[in-house]
Amino acid sequence: METNDQRASLIPDGGRVFQTEYHNEPPVRAVVRALSILENRSIEHVPPFYEYADSDALNQLMETARDSDQEISVEVTVEEYNISVESDGTIVVSDPTADSELSE
């Protein structure tokens, strides 16, 4: 179950885009944590990230990029969410369905 600290670490831009960071954890773990918060589900009930991208490869790529001071961005779609993982430790999660919900 997430704590209030975890919920607070996911910052919305007004409803459609959310941002978090992964400085002290593997990026894939931070992505799953963010999705669990957005979906209001426990981490165990979030779809496995490996069904959408290679978890180990993404974690290793971001670690290597940080260690070599390279700027890399990887984008992946998980269910309806567009996710951008940056080598600077930033994760941006966009929910394109929020636009249609806001216009209804």
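Presented here is an overview of the structure given in this document. If you're wondering where the values come from, they're calculated on a predicted model, not measured in any experiment.

**Comments concerning the pattern of salt bridges**
And step 1. Summed over all chains, the structure comprises 3 salt bridges.
And step 2. The closest approach of N and O atoms between R33 and E25, which form a salt bridge, is 2.6 Å. In terms of burial, R33 and E25 fall into one category: buried.
And step 3. Note that R41 is salt-bridged to E39, the shortest N-O span being 3.2 Å.
And step 4. Overall, E39 belongs to the partly exposed group, its relative accessible area being 25%.
And step 5. Connected through salt bridges with shared partners, the residues E39, R41 and E79 form a single ionic network.

**Section: unusual backbone geometry**
And step 1. The backbone of N40 sits at a positive phi, close to 55 degrees, despite the residue not being glycine.
And step 2. In this fold, N40 is placed in the loop between α2 (27–39) and α3 (55–67).
And step 3. The phi torsion at E79 lies on the positive side, around 50 degrees, for a residue other than glycine.
And step 4. Considering the arrangement of structural elements, one finds E79 in the loop between β3 (73–78) and β4 (81–86).
And step 5. On the basis of relative accessible area, E79 is assigned to the partly exposed category, the value being 36%.

Conventions adopted
- Residues numbered from 1 in each chain as written.
- Predicted model: local features only at pLDDT ≥ 70, side-chain atom pairs only at ≥ 80, totals over all residues.
- Heavy atoms only, no water.
- Salt bridge = Lys/Arg side-chain N within 4 Å of Asp/Glu carboxyl O.
- Buried < 20%, exposed > 50% of the residue type's maximum accessible area, 1.4 Å probe, protein only.
- Helix = DSSP H or I, 4+ residues; strand = E, 2+ residues; numbered from the N terminus.

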